[in-house]
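Structure at a glance
Here is how the chains run, residue by residue.
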Amino acid sequence: MTQHFSFDLGVTDGGARTGLIRTPRGDIRTPAFMPVGTAATVKAMLPGSVRATGADVLLGNTYHLMLRPTAERIDRLGGLHRFMNWDRPILTDSGGFQVMSLGELRKVDSDGVTFKSHIDGSKHRLTPERSMEIQRLLGSDIVMCFDECPALPADRDRIATSMRLSMDWAERSRAAFGDRPGHALFGIQQGGLDPDLRAESAERLRAIGFDGYAIGGLAVGEGQAAMFDCLDVAPGQLPEDRPRYLMGVGKPDDIVGAVARGVDMMDCVLPSRSGRTGQAWTRRGQVNLRNARHADDPRPLDETCTCPACTGFSRAYLHHVVRAQEIIGSMLLTWHNLQYYQDLMAGMREAIGAGRFATWQESFHATRAEGDIEPI
């Protein structure tokens, strides 16, 4: 197994591309969807079950882990991989997005961010250097630069100021990260929906030099059409020979549209969060298992899916356990949703490799447009 981090670009089909990210803890097939393990767990799932869906990499959350149980404690206990019993690659975010979302609880200056914990109100300080230290203590394989991400809509001056601050922080993150063989540091492009600001950000990041590049500041309220307009430009502004990671996306049709525009990696809490609220993602769109139409339905949620929810249980049972708020309802629907997302990625990788991604995309949208199967 490799002792270094590298990216091998595979096949391209239009804007879409396949690839292989090599890390000492295993390979990541791209396009890749990363399940979110916020507090060192993908909620309602065992690590082996997450792996069984086809996931090659998980995302951990710097902000949450630094507050509880603390990065120092995780380090003393052998690092995040051992702590959560996941021996595959882990990507950790920088904490910047979560701190941004705290609103009144945080104050930004040129050096970093001071904020109050949402747990107990205790005061904390995050800087590029501290973010790099926390992620080193966690032992993650892919580390994200510390950045500031303004919520959209925002005026151009606000977005430009924020982007330039993030680029200064990217330089400091690079210096603080140092030389860590086998570990990778990704820079984060900012600039809102403005292609000129995005270009300026990309130029700064390329000059600093990173192992991979993320597209940040999207999926924050701008809508799909605006996000796709940005993605028509942003991936091409980043190096072709490095992974491109679209942060915090998203719904299945968002993911397919992003891959069509040259994105390699994505993450989102949606499949696991939806599973805990009775929502299932399927080839035919979203299904709400709380609805009474499922109460007497002996059919599986999706007859083509290989997950335990679909192979072992009926829609009627899933409806019952969701309505009764039984824990197994969250477990089964989370597994199903993660399986659907990983099957979606595998389908895209296969289609791109065969040079028929456009045809695959048409079929994906056509099947979703049919809607759920007719009720009994």
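Whatever comes next refers back to the structure up there.
Before going into details, it helps to say that this report is about the structure given with it. Given the structure is predicted, the values throughout are model-derived calculations rather than measurements.

1. Things to note about the sheet that holds strand 5 (residues 58-60)
Taken in spatial order, the eight strands close into a barrel running 4-5-6-10-11-12-13-14, and their pairing is parallel. Pairs of neighbouring strands in the sheet enclose a mean axial angle of 30 degrees, with direction left out of account. Sheet strands in contact with helix 6 (residues 128-138) are strand 6 (90-92), strand 10 (142-144) and strand 11 (184-189), and its direction is about 160 degrees off that of strand 10. Helix 8 (residues 195-208) contacts strand 11 and strand 12 (212-215) of the sheet and is inclined by roughly 155 degrees relative to strand 11.

2. Details of the layout of surface pockets
Of the volumes computed, that of the largest pocket is approximately 670 Å³. In terms of lining, the largest pocket is formed by 30 residues, of which the most central are Phe97, Gln98, Gly248, Asp267 and Val269. Elements with a minimum of two residues in the lining of the largest pocket: helix 5 (96-100), strand 14 (265-268) and helix 11 (270-275). With three residues, helix 5 is the largest single contributor of residues to the lining of the largest pocket. Taken together, the residues of the lining of the largest pocket break down into twelve nonpolar, twelve polar and six charged. By volume, the second largest pocket is sized at about 330 Å³. Residue lining of the second largest pocket: 14 residues in total, with Arg283, Tyr340, Asp343, Leu344 and Trp360 positioned closest to the centre. Residue contributions to the lining of the second largest pocket peak at five residues, all from helix 14 (residues 327-353). When its residues are assigned to classes, the lining of the second largest pocket shows five nonpolar, five polar and four charged.

3. Some details on the state of the cysteines
This structure, assessed with the given rule, holds zero disulfides. Considering cysteine sulfurs only, Cys149 is the nearest to Cys145, which forms no disulfide, with 14 Å between them. Among the cysteines around Cys307, which has no disulfide bond, Cys305 carries the closest sulfur, lying 3.6 Å off. Judged by relative accessible area, Cys307 falls into the buried class, the value being 0%.

4. Here we look at the packing of aromatic side chains
Tallied over the full model, the rule gives nine aromatic pairs. Both rings, one in Phe146 and one in Trp169, keep their centres 5.0 Å apart while their planes meet at 20 degrees; by these two values the pair is stacked. Taken as a pair, Phe146 in the loop between strand 10 and helix 7 (156-177) and Trp169 in helix 7 lie far apart in primary sequence, 23 residues in all. When the ring of Trp360 is compared with that of Phe364, the centres are 5.5 Å apart and the planes differ by 10 degrees; the resulting orientation is stacked. Taken together, the residues Trp360 and Phe364, both in helix 15 (residues 357-370) and four residues apart, mark about one turn of the helix. One exposure class covers both Trp360 and Phe364, and it is buried. What links up through ring pairs into an aromatic cluster is the set Phe33, Tyr340 and Tyr341. Over the face of the ring belonging to Phe228 we find Arg261, whose NZ or CZ atom lies 4.1 Å from the ring centre.

5. Considering unusual backbone geometry
Here the bond from Thr30 into Pro31 is cis, since omega is 5 degrees, no more than 30 degrees from zero. Structurally, Pro31 is set in the loop between strand 3 (26-30) and strand 4 (32-37). Here the bond from Arg68 into Pro69 is cis, since omega is 10 degrees, no more than 30 degrees from zero. One non-glycine residue with positive phi stands out, namely Thr70, at about 90 degrees. Mapped onto the elements, Thr70 comes out in the loop between helix 2 (62-67) and helix 3 (71-76).

6. Describing the nonpolar core
For soluble globular proteins, nonpolar side chains are generally found buried alongside one another. The biggest cluster of nonpolar side chains holds 45 residues, and the ones touching the most others in it are Leu231, Leu246, Ile255, Met266, Met348 and Phe357. If you list the elements that add at least two residues to this core, you get helix 7, helix 8, strand 12, helix 9 (224-231), helix 10 (252-260), strand 14, helix 14 and helix 15. Counting residues per element, this core draws most heavily on helix 14, at seven residues. Ignoring any residue separated from it by four or fewer positions in sequence, one finds Met348 in contact with Ile255, Val256, Val259, Phe357 and Trp360. The next biggest cluster of nonpolar side chains, apart from the first, holds 28 residues, and it includes Ala71, Ile74, Ile90 and Phe115.

7. Let's talk about helix 8
With 14 residues, helix 8 should reach 20 Å at 1.5 Å per residue; the first-to-last C-alpha distance of 20 Å fits that figure. The complete set of buried residues in helix 8 reads Leu197, Arg198, Ser201, Ala202 and Leu205. The buried side chains of helix 8 occupy one side of the element, clustering within an arc of 135 degrees when seen end-on. Exposed and facing more than 90 degrees away from the buried side of helix 8 are Asp196, Glu203 and Ala207. One side-chain oxygen of the residue at the start of helix 8 lies 2.9 Å from the amide nitrogen of Asp196, identifying that residue as Asp194. Gly209 lies just past helix 8 and shows a positive phi near 90 degrees.

Reading the values: rules and limits
Residues numbered from 1 in each chain as written. Predicted model: local features only at pLDDT ≥ 70, side-chain atom pairs only at ≥ 80, totals over all residues. Heavy atoms only, no water. Pairing = 2+ DSSP bridges. Helix = DSSP H or I, 4+ residues; strand = E, 2+ residues; numbered from the N terminus. Axes fitted to C-alpha atoms, helices over the stretch in contact; angles between N-to-C directions. Contact = heavy atoms within 4.5 Å. 1 Å grid on protein atoms, 1.4 Å probe; cavity = no way out; pocket = protein on both sides within 12 Å on 5 of 7 lines; lining within 4 Å. Points joined across faces, edges and corners; volume = space filled by probe spheres on them. Nonpolar A, V, L, I, M, F, W, Y, C, P; charged D, E, K, R; others polar. Disulfide = S-S within 2.5 Å. Buried < 20%, exposed > 50% of the residue type's maximum accessible area, 1.4 Å probe, protein only. Phe/Tyr/Trp six-rings, centres within 6.5 Å; stacked < 30°, edge-to-face > 60°. Lys NZ or Arg CZ within 6 Å of the ring centre and 35° of its normal. Core = buried A, V, L, I, M, F, W, Y, C linked by side-chain atoms within 4.5 Å. Expected span 1.5 Å × (residues − 1). Arc of directions from axis to C-beta. Polar contact = N/O pair within 3.5 Å; in protein donor to acceptor, adjacent residues only side chain to side chain.

None of this, on its own, says anything about what the molecule does.
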